[in-house]
Amino acid sequence: MMKGLTRKKKKSSSSVSDAMSTAVSVQADEMSAMSVPVSGAKRKPVTLQLVLLLMDPSTRRFELLQLEFDSDKARVSDIIAQIPISVTEQSIRSQQYEGVVDASGTIMSESVRLVDFCSGRTVLVALPKGLTVKECVRLARPILCDSQVQKMLSAGEFDISGWKKKDSKGKSRAIPEQKSKPTPTTQTTTEKSDEKSIFPTIIMLALIAILLQAANSFLSSPIQVGKPLKPGTWKSKCGLLGFVSPSPLGGIIPVCTNSFLEVHGDGSVSIRDAAKELDVLMKGGVCGEEDEECVNGLVLEEDGKVLIGGTQVKSGFVYGDSTGLSPWPFEEEPKLKLKPSSRS
């Protein structure tokens, strides 16, 4: 039976009692700017959003990972490759996995493309080597049907309806939490009360970690083709690390030379260095109130053109040492000339 409960600051890793009681972290909705179609842009491969449940059958510990993959290329082997990189629990990280299992109990081997069986926001379970698919599904369902887990997955719009058992009419129903058999215990009433009070704290810390990770991902990610940044939006090359002084942290975190991009309401975009000195300035336009087709803010088109307020930017003014605008702040090198200029 599952015993114990552990806490981790960055990711939730838990042991569950007979009922597989859980405390877990699931990534929140990615904090990205709303994608607005750009006229003439070709449709890009969609990004698959997955939550992967990993379990150690012997210790009854588990973790949940949120992963993103390009639907045009990713295979099950790409999911398996992320496990030793992302998992924090040693017993889970060191296991070998034969593939992943979906809600129907079908195993997908490493060569299968994700797009062939994933759609929308999907929840999958990693199949440890030596464990049968039936046993894997039996262990996974109480975790995924736990009320706290369901609440967090629902917040991320992940579909777990397939993991619920079907009644005689074929309708999904939640699995009732199993009650532990009475066992001799020396635990006092005060100790039990303390355990109950710790659980909300674990959930709160997990949610804070999710929000911080999502914010860091949005701030540090480069500008993608066809995804506009509205006026008032800004980005940081080093994400949240750009606001942390490296001196007291020694060699704990990697050194990152920061850079900031900000989209202004006057139709301009500025890039500043770590000292907040102006490095690059781009000037475009502002959409008129009656121009419904104009996309307000900064947009990188598929052909490399940069638009600000619907106006193409053909050149930018360089005040610092910048020699290019890719891979940051643009995902792809934009088609504009950089003209040296002076800050004075």
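Residues numbered from 1 in each chain as written. Predicted model: local features only at pLDDT ≥ 70, side-chain atom pairs only at ≥ 80, totals over all residues. Heavy atoms only, no water.

K.L.:
Describe the packing of aromatic side chains, with residues and values.
P.N.:
The way to describe two aromatic rings as a pair is by their centre distance and the angle between their planes. Per the counting criterion, the structure on display carries 0 aromatic pairs. Geometry around Phe 158 places Arg 121 over its ring, the cationic atom sitting 5.5 Å from the centre. (Phe/Tyr/Trp six-rings, centres within 6.5 Å; stacked < 30°, edge-to-face > 60°. Lys NZ or Arg CZ within 6 Å of the ring centre and 35° of its normal.)

K.L.:
Run through the state of the cysteines, naming residues and quoting values.
P.N.:
Think of a disulfide as a covalent bridge from one cysteine sulfur atom to another cysteine sulfur atom. For the structure on display, the rule yields 1 disulfide. Bridging Cys 287 to Cys 294, the disulfide has an S-S length of 1.8 Å. The sign of the -65 degrees torsion about the S-S bond sets the Cys 287-Cys 294 disulfide as left-handed. Of the two residues examined, Cys 287 and Cys 294, each falls in the buried class. (Disulfide = S-S within 2.5 Å. Buried < 20%, exposed > 50% of the residue type's maximum accessible area, 1.4 Å probe, protein only.)

K.L.:
Quick rundown of empty space enclosed by the protein? Include the residues and the values.
P.N.:
One pass over the full model with this rule turns up 3 cavities of 30 Å³ or more. For the second largest cavity, the full set of lining residues is Pro 231, Val 263, His 264, Gly 265, Gly 267, Gly 285, Val 286, Asn 296, Gly 297, Ile 308 and Gly 309. (1 Å grid on protein atoms, 1.4 Å probe; cavity = no way out; pocket = protein on both sides within 12 Å on 5 of 7 lines; lining within 4 Å. Points joined across faces, edges and corners; volume = space filled by probe spheres on them.)

K.L.:
Which residues make up the side chain of Asn 258, and what values go with them?
P.N.:
Mapped onto the fold, Asn 258 is located in the loop between β9 (234-236) and β10 (259-263). Within the local environment of Asn 258, its side chain forms a polar contact with the backbone nitrogen of Lys 237, the two atoms lying 3.3 Å apart. (Helix = DSSP H or I, 4+ residues; strand = E, 2+ residues; numbered from the N terminus. Polar contact = N/O pair within 3.5 Å; in protein donor to acceptor, adjacent residues only side chain to side chain.)

K.L.:
Would you mind going over the pairing of strand β6 (residues 121-128) in detail, with residue names and values included?
P.N.:
For β6, a buried count of 8 out of 8 residues is recorded, marking the element as mostly surrounded by other parts of the structure. Side-chain alternation along β6 places Arg 121, Val 123, Val 125 and Leu 127 on one buried face and Thr 122, Leu 124, Ala 126 and Pro 128 on a second face that is also buried. Here strand β2 (residues 47-56) pairs with β6 via 5 bridges, running parallel. Bridge pairing in β6 links Leu 52 to Leu 124. In this structure, strand β4 (residues 97-101) lies alongside β6, joined through 4 bridges in antiparallel fashion. What sits directly across from Val 100, in β6, is Ala 126. (Pairing = 2+ DSSP bridges.)

K.L.:
Can you explain the pairing of strand β12 (residues 278-283)? Please cite residues and give values.
P.N.:
Most of β12 is tucked away: 5 of the 6 residues are buried. Summarising the sheet, strand β11 (residues 268-273) and β12 pair through 5 bridges and their orientation is antiparallel. By the bridge assignment, Ser 270 is partnered in β12 with Leu 281. Bridge count between β12 and strand β16 (residues 315-318): 3 bridges; the pairing is antiparallel. In the strand pairing of β16, Val 280 is matched with Val 318.

K.L.:
Could you give an account of the sheet that holds β9, with specific residues and numbers?
P.N.:
Each strand in a sheet pairs with another by means of backbone hydrogen bonds, the pair being arranged parallel or else antiparallel. With mixed pairing, the 6 strands of this open sheet are ordered in space as β9-β10-β11-β12-β16-β17. What marks the edges here is a single partner per strand, and that holds for β9 and β17 (337-340). Strand-to-strand twist of the sheet, defined as the mean angle between neighbouring strand axes without regard to direction, takes the value 20 degrees. When β10 meets β11, the two strands line up antiparallel, connected through 5 bridges. When the sheet's bridge partners are listed, Val 263 is paired in β11 with Val 269. (Axes fitted to C-alpha atoms, helices over the stretch in contact; angles between N-to-C directions.)

K.L.:
Before we move on, can you summarise the pattern of salt bridges with the specific residues and values?
P.N.:
Taken as a whole, this structure holds 4 salt bridges when the rule is applied. Linking Arg 61 and Glu 89 is a salt bridge whose minimum nitrogen-to-oxygen distance equals 3.8 Å. Taken as a pair, Arg 61 in strand β3 (residues 61-70) and Glu 89 in the loop between α1 (76-86) and α2 (90-93) lie far apart in primary sequence, 28 residues in all. Here Asp 303 makes a salt bridge to Lys 305, at a shortest N to O gap of 3.9 Å. (Salt bridge = Lys/Arg side-chain N within 4 Å of Asp/Glu carboxyl O.)

K.L.:
Pulling in residues and values, what's your account of the confidence of the model for the protein?
P.N.:
When the pLDDT values of the protein are averaged, the result is 76; 73% of them are 70 or greater. Mean pLDDT across the elements of the protein bottoms out in strand β1 (residues 14-15) (40) and peaks in strand β14 (residues 306-308) (94). Between residues 1-43, whose pLDDT stays under 50, and residues either more than four places distant or in other chains, the model counts 122 contacts. (pLDDT = per-residue confidence, 0-100. Contact = heavy atoms within 4.5 Å.)

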